[in-house]
Amino acid sequence: QVQLVESGGGLVQPGGSLRLSCAASGNFFSINGMGWYRQAPGKQRELVASITSGLSTNYADSVKGRFTISRDNAKKTVYLQMNSLKPEDTAVYYCNLKVGGWDSYEYDYWGQGTQVTVSS
């Protein structure tokens, strides 16, 4: 079983910054892809950013140049640095990890979600 614990959300003014963290624990063979998704009220969950085990990154067009995803494999943690935040970034942010099990299968795990609110 894998547990994910997110932290770092909160209320910030437009133009401000936040850093989200998602730490994994449990018994697994590897962490492959890591990513952040968000879901605003009345909208579908969307991919914000992802990072592979080879450190290739992918960003939604709406956050390019403002958000940076990174990972620390030793700490089993993925981060999302969010700068120049806008009101439209307001959403619940979820981390997603693709974990390799000892059975050679890959499994999807989700964090509990953390609220990010951008408002003056």
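Summarised in this report is the structure supplied together with it. These numbers were taken from a predicted model, which means no experiment stands behind them. (Residues numbered from 1 in each chain as written. Predicted model: local features only at pLDDT ≥ 70, side-chain atom pairs only at ≥ 80, totals over all residues. Heavy atoms only, no water.)

Before going further, it helps to spend a moment on the nonpolar core. Nonpolar side chains tend toward joint burial in soluble globular proteins. Within the largest apolar cluster, 32 residues are counted, with the highest numbers of intra-cluster contacts made by Trp36, Val78, Leu80, Met82, Tyr93 and Leu97. Elements supplying a minimum of two residues to this core: β1 (2-7), β3 (18-26), β4 (30-39), β5 (46-51), β7 (67-72), β8 (77-82), β9 (91-100) and β11 (114-118). When residues of this core are assigned to their parent elements, the largest contribution, 5 residues, is made by β9. The contact partners of Leu97, leaving out residues within four places of it in the chain, are Leu4, Cys22, Ala24, Ile31, Gly33, Met34, Val78, Tyr107, Asp108 and Tyr109. (Core = buried A, V, L, I, M, F, W, Y, C linked by side-chain atoms within 4.5 Å. Buried < 20%, exposed > 50% of the residue type's maximum accessible area, 1.4 Å probe, protein only. Helix = DSSP H or I, 4+ residues; strand = E, 2+ residues; numbered from the N terminus. Contact = heavy atoms within 4.5 Å.)

Another point: unusual backbone geometry. Only a minority of non-glycine residues have a phi that is not negative, and only a minority of peptide bonds are not trans. The backbone of Lys76 sits at a positive phi, close to 55°, despite the residue not being glycine. Take Lys76: it is sitting in the loop between β7 and β8. One non-glycine residue, Ser104, lies in the positive phi region at around 75°.

All right, on to the pairing of β11 then. Burial along β11 is one-sided: Thr114, Val116 and Val118 are buried, while Gln115 and Thr117, pointing the other way, are not. Taken together, the 3 bridges between β9 and β11 define a ladder with antiparallel strand orientation. Residue pairing across strands places Val92 opposite Gln115, the latter belonging to β11. (Pairing = 2+ DSSP bridges.)

Attention shifts here to the pattern of salt bridges. Under the criterion given, the structure shown has 5 salt bridges. A salt bridge links Arg66 to Asp89, with the nearest nitrogen and oxygen atoms 2.8 Å apart. Residue Arg66 is located in the loop between β6 (57-59) and β7, and its partner Asp89 is located in the loop between β8 and β9; the two are separated by 23 residues in the primary sequence. On the basis of relative accessible area, Arg66 is assigned to the buried category, the value being 11%. On the basis of relative accessibility, which here comes to 1%, the residue Asp89 falls in the buried class. Across the salt bridge formed by Asp108 and Lys98, the nearest N and O atoms sit 2.9 Å from each other. Here the residue Asp108 occupies a position in strand β10 (residues 106-110), and Lys98 occupies one in strand β9, the gap between them amounting to 10 residues. Of the residues examined, Asp108 reaches a relative accessible area of 44% and is grouped as partly exposed. Overall, Lys98 belongs to the partly exposed group, its relative accessible area being 28%. Within this structure, Arg38, Glu46, Arg66 and Asp89 form a network of salt bridges that share partners. (Salt bridge = Lys/Arg side-chain N within 4 Å of Asp/Glu carboxyl O.)

Let us now look at the environment of Ala49. As for its placement among the helices and strands, Ala49 is situated in strand β5. The class for Ala49 is buried, based on a relative accessible area of 0%. Once you skip the residues sitting within four places of it in the chain, Ala49 turns out to touch Met34, Gly35, Trp36, Asn58, Tyr59, Ile69 and Leu80.

A few words on the state of the cysteines. Overall, the coordinates contain 1 disulfide when judged by the stated rule. What pairs with Cys22 in a disulfide is Cys95, and their sulfur atoms sit 2.0 Å apart. Across the S-S bond linking Cys22 and Cys95, the dihedral sits near 45°, which makes this disulfide right-handed. In this pair, Cys22 sits in strand β3 while Cys95 sits in strand β9, placing the two residues 73 residues apart along the sequence. As far as the burial class goes, Cys22 and Cys95 line up, both buried. (Disulfide = S-S within 2.5 Å.)

None of the figures reported here should be taken as evidence of function without further support.
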